[in-house]
Amino acid sequence: MTDVLVMALPGNEALAQLLAHRLDADLGTLETRRFPDEETYVRFRVDPKGRSLILVCTLDRPDPKFLSLAFAAAAAHDLGAASVGLVAPYLAYMRQDKRFHEGEAVTSTTFARLLSSGIDWLVTIDPHLHRHKILDELYLIPNRVGHAAPFMADWIRANVQRPLIIGPDVESEQWVAEVATRAGAPFRVLRKERRGDRDVEITVPDLGEVSDQTPVLVDDIISSGQTMLETARQLKEQGLAAPVCVAVHAIFADGVYAALQDVAALVATTNAVPHQSNAIDVAPLLANLAQDLYAATRGGQAQGPRLGRAVPDCRGGR
Ligand code: R5P
């Protein structure tokens, strides 16, 4: 992929380097800084003219990141890039996908429109799909959606003895079953009801018959961390061991990582969002998807097979 140029938005340098290596592509440098008035400055240090540019920008805490990304994508087009793709392992604004209360903004739709207007294609991992079953319902540009389940399963198999895989809610059963099968482990799913941004009610079934196993809580995202914290609390009440917590997207709002470390035997996440808990490398998955989409886009077959799969949310809220 010699015409391909990979560039990181700030904070994504490590992943961009892994991707460039896997894609046998050039790695360019993007200079960004803030003016004193806090406006954003962006400059290409490598000329993207005629190149197929891949920007790497995971979109956790998206508001401060979005403008830099939009400016970089627009500048790349201005400077004559042949195409501008985006690898955003975590895709933001997927949760407010309906108007739960009168007058609310349906931000998933607006964000998709804004992001799509600047880029030619999109690769992401395990986006939080709920009421929209596939990403194409929101994003009208060519896209590929990857799933970290096999990578998480392989990590569990290699690092946890006698694992019992536990999913957060009944809707996650299919996904959790996939992880469990590949990890060669039994699984159970919980019942969850979200009552507020940081308030979840978890019902854990009786785990007496598997109480000698190591509980492994598997989720697509740790955001407020309340799902895992509450589950860990209830497992302890039932006399189970401290759980291993495994997630795709390490958001960890409000410094909840420390609280989780206190109750978990281990916390392991993928590098979809850079974090000290990253232990599972999903760069190979992202590289394959980017390569596939790049080839399809160049061959005019960008509407090729979609790999999207719904990741169910909790009831009654984002
Ligand atoms: C919900 O359906 C998701 O799979 C996660 O369980 C949820 O987003 C985790 O959120 P939190 O960390 O805020 O409990």
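Residues numbered from 1 in each chain as written. Predicted model: local features only at pLDDT ≥ 70, side-chain atom pairs only at ≥ 80, totals over all residues. Heavy atoms only, no water.

Draft legend 1. Quick peek at the sheet that holds strand E5 (residues 52–56). With respect to topology, six strands assemble into an open sheet ordered E2-E1-E5-E6-E7-E8, the strand pairing being parallel. At either margin of the open sheet sits one strand with a lone partner, and together these are strand E2 (26–28) and strand E8 (143–146). The sheet shows a mean angle of 20° between the axes of neighbouring strands, direction not considered. Relative to strand E6 (residues 83–87), E5 runs parallel, the two sharing five bridges. Counted as the bridge partner of Leu 53 is Val 84 from E6. Each of strand E1 (4–8), E2, E5 and E6 touches helix H1 (residues 13–23); the most contacted strand, E1, lies at about 165° to it. (Pairing = 2+ DSSP bridges. Helix = DSSP H or I, 4+ residues; strand = E, 2+ residues; numbered from the N terminus. Axes fitted to C-alpha atoms, helices over the stretch in contact; angles between N-to-C directions. Contact = heavy atoms within 4.5 Å.)

Draft legend 2. Representation of the nonpolar core within the structure. In terms of nonpolar packing, the biggest core is built from 47 residues, with Val 6, Ile 156 and Ile 165 touching the most fellow members. With eight residues, the single largest contributor to this core is helix H8 (residues 283–298). Shared between two domains, this core takes at least three residues from each, and those domains are domain 1 (4–148 + 282–297) and domain 2 (149–280). If we skip the residues at most four places from it in the chain, Ile 156 touches Pro 163, Ile 165, Val 179, Ala 183, Val 216, Val 218 and Val 246. Ranked by size, the runner-up nonpolar core spans 32 residues in total, among them Met 7, Leu 53, Ala 92 and Ile 141. (Core = buried A, V, L, I, M, F, W, Y, C linked by side-chain atoms within 4.5 Å. Buried < 20%, exposed > 50% of the residue type's maximum accessible area, 1.4 Å probe, protein only. Domains from an automatic or database assignment.)

Draft legend 3. A look at the environment of Gln 261. Mapped onto the fold, Gln 261 is located in helix H7 (residues 256–263). Residue Gln 261 is classed as partly exposed on the basis of its relative accessible area, which comes to 41%. Counting along the chain gives 32 residues from Gln 261 to Leu 229, while the straight-line C-alpha distance between them is 9.7 Å.

Draft legend 4. Main features of the domain arrangement of the chain. Per the domain assignment, the segments of the chain are domain 1 (4–148 + 282–297) and domain 2 (149–280). The C-alpha centroid of domain 2 is placed 28 Å from the C-alpha centroid of domain 1. Buried surface at the junction of domain 1 and domain 2, summed over both partners, amounts to about 1400 Å²; 58% is from carbon and sulfur atoms. The largest share of the area that domain 1 buries against domain 2 comes from Tyr 90, Ala 148 and Val 282, three residues that together contribute 37% of it. Where domain 1 packs against domain 2, one counts zero salt bridges. The interface formed by domain 1 and domain 2 includes 10 residue pairs in polar contact (both at pLDDT 80 or more). Every element with two or more residues in the side of domain 1 that touches domain 2 is listed here: H1 and H8. (Buried area = accessible area lost by both parts, 1.4 Å probe. Salt bridge = Lys/Arg side-chain N within 4 Å of Asp/Glu carboxyl O. Polar contact = N/O pair within 3.5 Å; in protein donor to acceptor, adjacent residues only side chain to side chain.)

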